[in-house]
Amino acid sequence: MKNIFFTFLSGVFFAFIFNAQTIASERKSSFNEDWRFHLGSTSNAEQPLFNDSKWRKLDLPHDWSIEPVPIQREGITIGPFSKMTESGAGGADTGQTLGGEGWYRKMFTLSEEDEGKIISLYFEGVYNQTEVWVNGTKVKYNPYGYTSFKIDITDYCNSIGKSNIIAVKAVNVGENSRWYSGSGIYRHVWLIKTNKLHLDEWDTYVDASELKGKAAGIKLQTIVFNASTKTSDTQLNIKIYSPEGKEVYSTFRNINVDASGQVPVSLNFDVKKAELWSVESPKLYKAEVSLRFLDGSEADKITIPFGIRTIEFNATKGFILNGKSVKLKGGCIHHDNGLLGAVAINRAEERKVELLKANGYNAVRCAHNQVSEAFLEACDNLGLLVVHETFDQWQEAKRAQDYHQFFDEWSDKDLAASVRRDRNHPSIIMWSIGNEIAQRADDPQGQDIAKRLVNTVKKYDNSRYTTVGANDFWDRRHFKWDNDIYRAFNNVDVAGYNYMWQKYESDHVSYPDRVIYGSESFPKEAAQNWNLVEKYPAIIGDFVWTAIDYLGEAGLGHALELEPGERDSQFMGWPWYNAWCGDIDFCGNKKIQSYYRDILWRERDITLAVSPPVTEGKKEVVNGWGWTDELLSWNWKGLEGKQMRVNVYSRAPKVKLYLNDRLIGEKKVSQDNYTASFSVAYEPGVLRAVNVFKNKEKASAELRTTGQAAAIRLTADRESIKADKNDLSYVKIDIVDKDGNIIPDTNIAVGIKCEGKGSVIASGNAAPDDMKSFRSLNPNVFRGRAIAIVQPNGKAGEIKLTVSAEGLDDSTIIIQSN
């Protein structure tokens, strides 16, 4: 790190610490390193001579809302959670976290190689209401925290060799989100340097959605920009590389571009023996697009990954991918990364996609905003279909300070930016123009907005389909679904139903050409939804709310024991911070509803779960997004002899249940919800459920009473990672007995220590209400489990993670950073 100090004498002493400078000649280089950060409002921080020497040094991406509140007050704050509301806290909405105002500053210097180049900054995501200054001049305002944006800063940069100061202000105040948004520069920032004759990735589009026998018809569009004061002659070169890296097509075109002008270019050509992108085999091609000066030297070059595949939606065959009908096994997700907050580290984004694929999903709905580039790249690489969504509201507010206040001025700009940035991703099959929009059926206002948004999408991509997620009219009591919902779908191609499976069949009769999917559904109504998906071709899939647990909407999924007359609530109060409605928890482990979904999707033959008896005089009430209180556990110490409810989930006609090899009973399995329920007096041992077909026992599943805690088991998702801060290793921490069984009824504390070429950047457990363990190096395990997320420091070598617990031997794992 290089420190440069300047002293100015005019009655005031100023000290400036300039961090390691970004001096790079690459076209696109990371701009994440060596920023300074200040939480809170401040004066003149945008000015170059501002003294930021006392500001905190950090690398991006960064989310200040996930960090401990600076002043901890007993009974009021725990880590990042606070009962105070003055700094932008949203209560249950944002998981009891705070927003506020934050400032970032960074210095960089251009080198001689950058002389005459176009200099741009690319911010993938800053929450919220972002202002950017370069050397004291304001160059950008971006109100929507999820929209990526680029800024040409060439005219604001100092001459070669002189330092430049970037200042960024992010404001996240008031009630502006229904879920945890995070705060600050939470996604990557890039410095882009191009010649005045150049291309732009967002203005380059490869439409590979047509098949001609075994060949693919490719439509490639790009724009050649000339920012110089002279006319330029250039050669545009196109090369297509196969998934194996072999050049399969090339062409060129000579182009004349006027001074300060631009030339759109469209080319149509075929790629023979096309290898198709699919969920099972996500083959990716690359388009290399370059410009050459007349002397043969290269002016610019970009590479665009793309996939060749066809998509179609119709009521006869449903969703058709490459000529084959595919049912969408979908889940909704929010953008956060659990213990990491909103920070979009590449590996964290990739892991989400891995978890979805590993748990049977073939589709994801990105609720309710543009996601990171890394997430979509992972969907492309791993084969996960995407419903891409941009808005949670239009002109009418859901929260007082939300995006509605910017919608009229910014919605077309934000939607265009989303489509332009992401349209080359083959994983995307639908563009959603909104979720549970208040004006969805208003006429003419809602109709006019929908038409405008769809036209904006079609301006930049005519190869995909449009959709909207529509709910019942609890917010518009004068409307009725049967009479009015059709207007919500008038202007889109595919109808998304939020929690309205009861209307699938009747609407299919009334609108036989309508293509329907469950854009959101309750976990506990999974069978009702999926049965109809399998029954009708026009009903193409189901997206549960949600696939993965997320921060905010605290306690949205819960089950409570209530006394007669006691009322349930939609959310849970302090200390709940996690929505707890996901199939997959914060540690990446399956919850009961995920095992149940395995049965529906035929990923598993049989499973079983156990509920303890409800307290006498009370009844269990399961929230709409909740799941009944049951566990994959046969550890119920203190409940010996008590009647336990055992749910066996299976598609078999009958199941048997055994306890310690004694037959408890045989029951028919309901083919409506694939459940057979038993009442069993608890005694330790082995509880085993068996499928029965024609009196023959087939597949089985069992739960076993574990022994005492004997060891700490550490399991890394990868023990060899890149020496890059964009890579991570997720280390699961399990408390096990002598036979290696996880002990589901222990919540003991563990200590986590890391040495070597990396650090633990977050650790904790999956509990929705254990604030003290959240991002703690001394968390309690939850149901026998916790997790540590290890990040390399950028240098090669060993990272040693050690976990300890009282009464157990320490456990150590080595992660190699290469």
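In case you missed it, the structure is sitting above this.
Residues numbered from 1 in each chain as written. Predicted model: local features only at pLDDT ≥ 70, side-chain atom pairs only at ≥ 80, totals over all residues. Heavy atoms only, no water.

Things to note about the overall build of the protein
From N to C terminus, the protein includes nine helices and 48 strands. Scaling as 2.2 N^0.38, a compact globule of 818 residues should have a C-alpha radius of gyration of about 28 Å, and the protein matches this with 28 Å. Seen along its three principal axes, the alpha-carbon backbone of the protein occupies a region of about 90 × 65 × 55 Å. Sorting the 818 residues of the protein into buried and exposed places 59% on the buried side. (Helix = DSSP H or I, 4+ residues; strand = E, 2+ residues; numbered from the N terminus. Rg over C-alpha atoms; globule rule 2.2 N^0.38 Å. Buried < 20%, exposed > 50% of the residue type's maximum accessible area, 1.4 Å probe, protein only.)

Side note on the pairing of strand S17 (residues 247-257)
Taken together, the 10 bridges between strand S16 (residues 232-241) and S17 define a ladder with antiparallel strand orientation. In the strand pairing of S17, Tyr241 is matched with Glu247. In sequence, S16 turns back onto S17 through a hairpin of five residues, with Gly245 there showing a positive phi of about 90°. (Pairing = 2+ DSSP bridges.)

Re the environment of Asp412
With respect to the helices and strands, Asp412 occurs in helix H3 (residues 404-422). When the C-alpha positions of Asp412 and Ser82 are compared, they lie 36 Å apart, and in sequence the two are 330 residues distant. Reaching out from Asp412, the side chain makes a polar contact with the side chain of Arg452 at a distance of 3.0 Å. (Polar contact = N/O pair within 3.5 Å; in protein donor to acceptor, adjacent residues only side chain to side chain.)

Some words on the side chain of Glu131
Note that Glu131 resides in strand S8 (residues 130-134). Its relative accessible area of 14% is what places Glu131 among the buried residues. Here Lys138 takes part through its side chain, which lies 2.8 Å from a polar atom of the side chain of Glu131. Each residue touching Glu131, except ones within four places of it in the same chain, is listed here: Lys138, Lys140, Tyr141, Ala167, Val168 and Lys169. (Contact = heavy atoms within 4.5 Å.)

A closer look at the pairing of strand S24 (residues 328-333)
Of all the six residues making up S24, six are buried; the element is thus mostly covered by neighbouring parts of the structure. The alternating pattern of S24 places Leu328, Gly330 and Cys332 on one face and Lys329, Gly331 and Ile333 on the opposite face, and all of these are buried. As judged from the four bridges shared by S24 and strand S31 (residues 539-544), these two strands associate in the parallel manner. By the bridge assignment for S31, Gly331 is matched with Val544. As judged from the four bridges shared by S24 and strand S25 (residues 363-366), these two strands associate in the parallel manner. Bridge pairing in S25 places Cys332 opposite Arg365. With helix H1 (residues 346-358) bridging S24 and the parallel S25, this β-α-β connection has right-handed handedness. (Right-handed = clockwise from strand over helix to strand, strands pointing away.)

Section: a negative patch on the surface
Taken together, the side chains of Glu26, Glu112, Glu113 and Glu115 define an acidic patch exposed on the protein surface. Tracing the backbone through its elements, the reader meets Glu112 in the loop between strand S6 (100-109) and strand S7 (118-123). (Patch = residues over 30% accessible without salt bridge, like charges linked within 9 Å, V, L, I, M, F, W, Y side chains within 5 Å. Areas by Shrake-Rupley, 256 points an atom, 1.4 Å probe, with all protein chains shown as cover. Salt bridge = Lys/Arg side-chain N within 4 Å of Asp/Glu carboxyl O. Lys, Arg positive; Asp, Glu negative; His and termini not counted. Charge placed at Lys NZ, Arg CZ, Asp CG, Glu CD.)

Description of the pattern of salt bridges
Opposite charge on two side chains makes pairing possible when the charged atoms of those side chains draw close. Under the criterion given, the structure shown has 53 salt bridges. A salt bridge links Glu67 to Arg56, with the shortest nitrogen-to-oxygen separation between them at 2.8 Å. You can see Glu67 sitting in the loop between strand S3 (56-58) and strand S4 (77-78) and its partner Arg56 sitting in strand S3, a full 11 residues away along the chain. On the basis of relative accessibility, which here comes to 39%, the residue Arg56 falls in the partly exposed class. Shared partners join several salt bridges into a network, and the residues in it are Arg27, Lys150, Asp200, Glu201 and Asp300.

Examining the sheet that holds strand S40 (residues 696-704)
If you trace the four strands from one edge of the open sheet to the other, you get S37-S36-S39-S40, paired in antiparallel fashion. Only two strands of the sheet have a single neighbouring strand rather than two, namely strand S37 (662-668) and S40. Across the sheet, the mean angle separating the axes of adjacent strands is 20° when strand polarity is ignored. (Axes fitted to C-alpha atoms, helices over the stretch in contact; angles between N-to-C directions.)

So, the sheet that holds strand S41 (residues 711-716)
Read across the open sheet, the four strands follow the order S41-S43-S46-S45; overall the sheet is antiparallel. Edge strands, defined here as strands with exactly one partner in the open sheet, are S41 and strand S45 (758-764). Between one strand axis and the next, the sheet turns through 25° on average, direction left out of account. Pairing between S41 and strand S43 (residues 729-736): six bridges, direction antiparallel. Bridging from a neighbouring strand, Thr715 pairs with Lys732 of S43.

Let's talk about the packing of aromatic side chains
What the rule picks out here adds up to 41 aromatic pairs. Taken together, a centroid distance of 6.5 Å and an interplanar angle of 50° make the contact between Tyr403 and Phe406 tilted. Neither Tyr403 nor Phe406 differs from the other in exposure class; each is buried. An aromatic cluster is present here, built from Tyr127, Tyr144, Tyr146, Phe391, Trp394, Tyr403, Phe406 and Phe407 joined pairwise through their rings. Its end group placed over the ring of Trp601, Arg597 keeps NZ or CZ at 5.6 Å from the ring centre. Here the guanidinium or amino end of Arg651 rests over the ring plane of Tyr674, the centre of that ring lying 4.3 Å away. (Phe/Tyr/Trp six-rings, centres within 6.5 Å; stacked < 30°, edge-to-face > 60°. Lys NZ or Arg CZ within 6 Å of the ring centre and 35° of its normal.)

Considerations on helix H9 (residues 592-600)
Counted residue by residue, H9 has nine buried out of nine residues, so it is predominantly covered. Among the residues making up H9, those that are buried are Ile592, Gln593, Ser594, Tyr595, Tyr596, Arg597, Asp598, Ile599 and Leu600. A positive backbone phi angle near 60° is found at Arg602, which sits one or two residues after H9.

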